[in-house]
Amino acid sequence: MATQPLNSVILHLLLLASGGGTASAARVFTFNNSCSHTVWPGTLSGNGAAVLGGGGFEMPANTVVAFQAPAGWSGRFWARTGCIFGTANGSGSCATGDCGGTLKCSAGGKTPATLAEFTLGRTEGDKDFYDVSLVDGYNIGVGVTAAGKAAEEGAAGDNCGYAGCVSDVNGRCPAELRVAGASGETVGCRSACEAFGGDQYCCTGPRSSPGTCGPTRYSQLFKTACPAAYSYAYDDSSSTRTCAAGADYLITFCPASISPAAG
Ligand SMILES: *[C@@H]1O[C@H](CO)[C@@H](O)[C@H](O)[C@H]1NC(C)=O
Ligand SMILES: *[C@@H]1O[C@H](CO)[C@@H](O)[C@H](O)[C@H]1NC(C)=O
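All values derive from a computational prediction rather than experimental measurement.

**Side note on the sheet that holds strand β12 (residues 248-253)**
Right, so step 1: Judged by pairing direction, the sheet is mixed, and its 5 strands sit side by side in the order β3-β1-β12-β7-β8 without closing on themselves. The sheet is open, and its two borders are formed by β3 (63-69) and β8 (163-164), each paired with just one other strand.
Right, so step 2: Note: strand β1 (residues 27-33) against β3, 7 bridges, orientation antiparallel. What sits directly across from arginine 27, in β3, is alanine 69.

Here it is in structure tokens:
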């Protein structure tokens, strides 16, 4: 799976950071749909973590919704676009990010889809890890910012800043990576790994280490639009953000005027 190296990195960091301590409080994930169209966020929990938002829900343009997540939660969010859900369960479909035709996802979304990935600390003294990933391609812009006391009081060395995009990738997606919607418009941009395969783009085989798998002209295109996101499997690890456990998070779809935090 394309995201495997990233997940391994996060797991490794998690093992390094784990320790004793009091359980940290529940957190709040706030979703803001700044797009000019409806999106249907999908949520997928890892490691048997609690299902958030029922697995998926509808968000009209310019709406905000919040969910609580327990300490230690890990999983991912993505936006589905162009969905029509029928009356029978599983009879729906989405132009991007479809999770099997159901509003409530119990599996990951169809690529390409921009992912927001989180691993929340379990106890006080732990750290949260989060990132926005284009390793599985791009459908719409996503931005993540940390909020609340823990984010403000970030310990030295925390990199508790903005993750995500500053501009639209679909508008500059090369023809060979483009995914077209029903009326021919570009609805998503595939990763070069998915489109072409091969060790160079997928960081596999002899290229399966950070030292042997560098950026390509395709990953650089993603990086330009989304400088604070993973553009390929072994992108600079500074694309992962860390906060002291206890922060809340704001996930914005189609973030508009963003001033990305340094780092
Ligand atoms: C949601 O996004 C809009 C547009 O970017 C912004 O005006 C609004 O303040 C945001 N709401 C929240 C709760 O962040
Ligand atoms: C709908 O389908 C999903 C996935 O197949 C399943 O997990 C869920 O239980 C179904 N829900 C209902 C209400 O049948």
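**A word on the pattern of salt bridges**
Right, so step 1: The final tally for this structure, using the stated rule, is 5 salt bridges.
Right, so step 2: The salt bridge involving arginine 190 is made with glutamate 194; its shortest N-O contact spans 4.0 Å.
Right, so step 3: In this structure glutamate 194 comes out as partly exposed when scored by relative accessible area, which is 34%.
Right, so step 4: In this structure, aspartate 235 and lysine 223 form a salt bridge, with 2.8 Å as the shortest nitrogen-oxygen distance. Of this pair, aspartate 235 sits in the loop between α5 (217-225) and β11 (241-244) while lysine 223 is found in helix α5, placing the two residues 12 residues apart along the sequence.

**Focus on the pairing of strand β7 (residues 142-147)**
Right, so step 1: Sheet analysis places β7 next to β12, joined by 6 bridges and oriented antiparallel. Looking across to β12, one finds that valine 144 is bridged to isoleucine 251.
Right, so step 2: As judged from the 2 bridges shared by β7 and β8, these two strands associate in the antiparallel manner. Bridged to valine 144 within β8 is alanine 163.

**Focus: the confidence of the model for the chain**
Detailed reading of the predicted coordinates is not advisable wherever pLDDT falls low.
Right, so step 1: On average, the chain scores 87 in pLDDT, and the residues at 70 or more come to 86%.
Right, so step 2: Element-level pLDDT for the chain is lowest in helix α1 (residues 4-17), with a mean of 42, against a maximum mean of 98 in strand β2 (residues 40-45).
Right, so step 3: With pLDDT under 50 throughout, residues 258-263 is counted as low confidence; its partners more than four residues away or in other chains account for 10 contacts.

**Some remarks on the site of ligand 1**
Right, so step 1: The environment of ligand 1 is made up of Asn32, Ser34 and Leu250.
Right, so step 2: Asparagine 32 places a polar side-chain atom, nitrogen or oxygen, 2.4 Å from an oxygen atom of ligand 1.
Right, so step 3: Within the side chain of serine 34, an N or O atom sits 3.0 Å from an oxygen atom of ligand 1.
Right, so step 4: Contact with the protein chains covers 38% of the free accessible surface of ligand 1, which is 360 Å².

About the cut-offs
Residues numbered from 1 in each chain as written. Chains lettered and ligands numbered in written order. Predicted model: local features only at pLDDT ≥ 70, side-chain atom pairs only at ≥ 80, totals over all residues. Heavy atoms only, no water. Pairing = 2+ DSSP bridges. Helix = DSSP H or I, 4+ residues; strand = E, 2+ residues; numbered from the N terminus. Salt bridge = Lys/Arg side-chain N within 4 Å of Asp/Glu carboxyl O. Buried < 20%, exposed > 50% of the residue type's maximum accessible area, 1.4 Å probe, protein only. pLDDT = per-residue confidence, 0-100. Contact = heavy atoms within 4.5 Å. Near = heavy atom within 4 Å. Polar contact = N/O pair within 3.5 Å; in protein donor to acceptor, adjacent residues only side chain to side chain. Areas by Shrake-Rupley, 256 points an atom, 1.4 Å probe, with all protein chains shown as cover.

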